[in-house]
Number of protein chains: 2
Amino acid sequence: MSADFMRQAIALSIENVRSGRGGPFAALVVKDGAVIASGANQVTSLNDPTAHAEIVAIRQACRALGHFQLTGCDLYTTCEPCPMCLGAIYWARPDRVFYGNTKADAAAIGFDDSFIYDQLPLSQDRRKIPLVPLLREEALEAFREWERKEDKIRY
Amino acid sequence: MSADFMRQAIALSIENVRSGRGGPFAALVVKDGAVIASGANQVTSLNDPTAHAEIVAIRQACRALGHFQLTGCDLYTTCEPCPMCLGAIYWARPDRVFYGNTKADAAAIGFDDSFIYDQLPLSQDRRKIPLVPLLREEALEAFREWERKEDKIRY
């Protein structure tokens, strides 16, 4: 039952704040009616800027399933995913994502991801973190190596 | 010297293909003229859809520095970052990002991230992976708990 899974995630997010492990965010991955992975934000306790709840839960779920995709799974997250987590969700491919708090709610308590979306329309050299092209011709050699490989696993 | 660092990353990406660990992508984090972390794509060998080269290198660099931000660091990646990695870069906050291959080059060998960007303008219920709001009022309790906390670490 989807409301029950979200309540479990919310309880985990509150516990995460109380324990001091990180921000007020948690996530669960559910498959065939059972929780197969859970995660909470651990950015500050692990010194890992990628340890958002969704990423932690997705990684754990994939380990549990022995696959790099989450076909047939639902993700429950206590907050609307940030761009990084949304990207991870698209690579992991769960069937659906349920979320509790909105991006606006998160921004109101100091977790504002709109600065990332605001950067995307800017040219790469004008962004706060500039993206600078370098040695494309040499880098293409790795792509040619990939194309020559016979046992490619695509994802 | 920035070209040398990119060449190191390119060599690592070629080795990653030859060893069968994952796709043709690698990344380095450089601080004060020294490589402090490196990573290569390990999505298929680790069953981890978040194990893109940039994420692996960012996590390792943050562990090495004992901090969740990469101020004063440059990231060298052999390919223009996907939306997930771009989000991770904005959370990690290195000073600059140098990249070799372009998104178009990656798409040409079967690693196309444009399907993610294409989803963003769509309403959440019309996306390939729908985002469904659920129990916002209950989820807000975790945010209130965070606001009550006195030793908040922001990131």
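The preceding data block contains the structure.
Throughout what follows, the structure given in this document is the object of discussion. The residue numbering used here restarts from 1 in each chain and proceeds along that chain's sequence as written. Note on labels: chains are lettered from A, ligands numbered from 1, in written order. It should be noted that, the model being predicted, local features are given only for residues of pLDDT at least 70 and side-chain atom pairs only at 80 or more, the latter also being counted only at that level, while totals for whole chains, interfaces and linings use all residues. Side-chain calculation: all heavy atoms of the structure are included, whereas hydrogens and water are not.

Copies are brought into register by a least-squares superposition over C-alpha atoms of residues with pLDDT of at least 70 in both. With an RMSD of 0.0 Å, chain A superimposes on chain B once it is rotated by 180° and translated 0.0 Å along the axis. Accordingly, the operation relating the two chain copies is best matched by a two-fold axis. Judged by C-alpha distance, M84 of chain A is the residue of chain A that lies nearest the rotation axis, at 2.0 Å. A high fraction, 100%, of the interface residues of chain A reappear at the interface in chain B, so the copies pair face to face through one surface. Only heavy atoms enter the contact rule, under which two residues are in contact if any of them lie within 4.5 Å.

What follows concerns the environment of I116 of chain A. Runs of E in the DSSP output that reach at least two residues are strands. Runs of H or I that reach at least four are helices, and both are numbered from the N terminus. Within the secondary structure, I116 of chain A is located in helix α6 (residues 114-119). The exposure class assigned to I116 of chain A is buried, which follows from its relative accessible area of 2%. Remark: the alpha-carbon pair of I116 of chain A and A88 of chain A, spanning 28 residues in sequence, is separated by 15 Å. Setting aside anything within four residues of it in sequence, one finds I116 of chain A in contact with P83 of chain A together with G87, Y90 and W91 of chain B. Each residue is placed in one exposure class: buried if its accessible area under a 1.4 Å probe, protein chains only, is under 20% of its type's maximum, exposed if it is over 50%, and partly exposed if it falls in between.

Our focus in this paragraph is the interface of chain A and chain B. Across the contact, 90 residues belong to chain A and 91 residues belong to chain B. Reported buried area values correspond to the accessible surface (1.4 Å probe) lost by two parts on association, with both partners' losses combined. For the pair chain A and chain B, the two sides together bury roughly 8,100 Å², of which 68% comes from carbon and sulfur. Taken as a group, Y90, W91 and F143 of chain A account for 11% of the area that chain A buries against chain B, more than any other trio of residues on that side. Between Lys or Arg on one side and Asp or Glu on the other, a salt bridge is scored when a side-chain nitrogen of the former is within 4 Å of a carboxyl oxygen of the latter. Our enumeration of links across chain A and chain B arrives at eight salt bridges. Salt-bridge contacts for E145 of chain A lead to R18 of chain B; the nearest nitrogen and oxygen are separated by 2.9 Å. Distance and chemistry together define a polar contact, namely a pair of N or O atoms within 3.5 Å, with one atom able to donate a hydrogen and the other to accept it when in protein, and with adjacent residues in sequence counting only for side-chain atoms on both sides. Remark: the boundary between chain A and chain B carries 30 residue pairs in polar contact (both at pLDDT 80 or more). Residue contributions to the side of chain A that touches chain B peak at ten residues, all from helix α7 (residues 136-148) of chain A.

Moving on, we come to helix α7 (residues 136-148) of chain B. Under the 1.5 Å per step criterion, the end-to-end length of α7 of chain B is 19 Å for 13 residues, consistent within 8% with the ideal 18 Å. Regarding α7 of chain B, the residues found buried are A139, L140, A142, F143, E145 and W146 of chain B. Lining the buried residues of α7 of chain B we find α1 (2-19), β3 (73-79), β4 (96-101) and α5 (103-108) of chain A. Here a helix's expected span is defined as the number of its residues, less one, multiplied by 1.5 Å.

Let's shift gears to the packing of aromatic side chains. Ring pairs shown here join Phe, Tyr and Trp side chains whose ring centres sit within 6.5 Å, with only the six-membered ring taken for Trp; geometry is labelled stacked below 30 degrees between planes, edge-to-face above 60, and tilted in between. Applying the stated criterion across every chain yields a total of 14 aromatic pairs over all chains. Both rings, one in F25 of chain A and one in F111 of chain A, keep their centres 5.0 Å apart while their planes meet at 85°; by these two values the pair is edge-to-face. With F25 of chain A in the loop between α1 and β1 (26-31) and F111 of chain A in the loop between α5 and α6, the pair connects residues that are 86 residues apart, well separated along the chain. Seen from their ring centres, W146 of chain A and F111 of chain B are 5.3 Å apart, and the 55° between their planes marks the pair as tilted. Placement of W146 of chain A in helix α7 and of F111 of chain B in the loop between α5 (103-108) and α6 (114-119) is noted, with the two residues assigned to different chains. In terms of burial, W146 of chain A and F111 of chain B fall into one category: buried. Pairwise contacts between aromatic rings join F25 and F111 of chain A together with F143 and W146 of chain B into one cluster.

Taken as a whole, this structure holds 22 salt bridges over all chains when the rule is applied. Two residues, D113 of chain B and K103 of chain B, come together in a salt bridge whose shortest N-O distance is 2.8 Å. Of this pair, D113 of chain B sits in the loop between α5 and α6 while K103 of chain B sits in helix α5, and the two are ten residues apart along the sequence. Take K103 of chain B: its relative accessible area is 25%, and that puts it in the partly exposed class. The closest approach of N and O atoms between E137 of chain B and R136 of chain B, which form a salt bridge, is 3.9 Å. Through salt bridges that share partners, R18 of chain A together with E141, R144, E145 and R148 of chain B make up one connected network.

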